[in-house]
Amino acid sequence: TRVLEKAYRATANPMHVSEECILHREKRNGIDVVHDEVERQLTKEVEVIKQCQDRMKKTIAKAHAQLK
């Protein structure tokens, strides 16, 4: 479980970076506002990281339950 917990913690920084990029893009004004492939990929990246985090949390919880 320690390896999985470490992997879970390791997802925090990539998630933060992706969310920060999305926030900066949302602050754009006028002609700088675009909904392009980069934005779609950033959104997809956040979704994938969240899905992985959810799976890891569930697996960690199952492992802890089995160890008890």
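Residues numbered from 1 in each chain as written. Predicted model: local features only at pLDDT ≥ 70, side-chain atom pairs only at ≥ 80, totals over all residues. Heavy atoms only, no water.

Caption draft 1: Summary view of the packing of helix H1 (residues 2–10) against helix H3 (residues 37–67). One can describe the packing of H1 onto H3 by two numbers: an axis separation of 10 Å at closest approach and a directional angle of 155°. It follows from the interaxial angle that H1 and H3 lie roughly antiparallel. Every pair of crossing elements has a handedness; the one defined by H1 and H3 is left-handed. Of the residues in H3, those in contact with Leu4, Glu5, Ala7 and Tyr8 of H1 are Gln53, Met56, Lys57, Thr59, Ile60 and His64. In terms of residue class, the contact of H1 with H3 is built from five nonpolar, three polar and two charged. (Axes fitted to C-alpha atoms, helices over the stretch in contact; angles between N-to-C directions. Helix = DSSP H or I, 4+ residues; strand = E, 2+ residues; numbered from the N terminus. Parallel < 35°, antiparallel > 145°, perpendicular 65-115°, else oblique. Left-handed = near helix turned anticlockwise from the far one by under 90°. Contact = heavy atoms within 4.5 Å. Nonpolar A, V, L, I, M, F, W, Y, C, P; charged D, E, K, R; others polar.)

Caption draft 2: Main features of the nonpolar core. Listed in full, the five residues of the largest apolar core are Met15, Ile22, Leu42, Val46 and Ile49. Those elements that place two or more of their residues in this core are helix H2 (12–26) and H3. Take this core: its biggest share by element is three residues, from H3. Every residue in contact with Ile22, bar those within four places of it in the chain, is listed here: Leu42, Thr43 and Val46. (Core = buried A, V, L, I, M, F, W, Y, C linked by side-chain atoms within 4.5 Å. Buried < 20%, exposed > 50% of the residue type's maximum accessible area, 1.4 Å probe, protein only.)

Caption draft 3: How the structure looks around the packing of H1 against H2. Their axes nearest at 4 Å, the elements H1 and H2 cross at an angle of 15°. Between H1 and H2, the angle is such that the two are roughly parallel. The segment H1 lies against H2, with Tyr8, Arg9 and Ala10 engaging Ala12, Asn13 and Pro14. Its residues placed into classes, the contact of H1 with H2 shows four nonpolar, one polar and one charged.

Caption draft 4: Up close: H2. The first and last C-alpha atoms of H2 sit 21 Å apart over 15 residues, in line with the 21 Å expected at 1.5 Å per residue. Every buried residue of H2 is listed here: Met15, Ser18, Ile22 and Arg25. Along the long axis of H2, the arc covered by the buried residues comes to 95°, so they all point the same way. Buried positions along H2 lie against H3. (Expected span 1.5 Å × (residues − 1). Arc of directions from axis to C-beta.)

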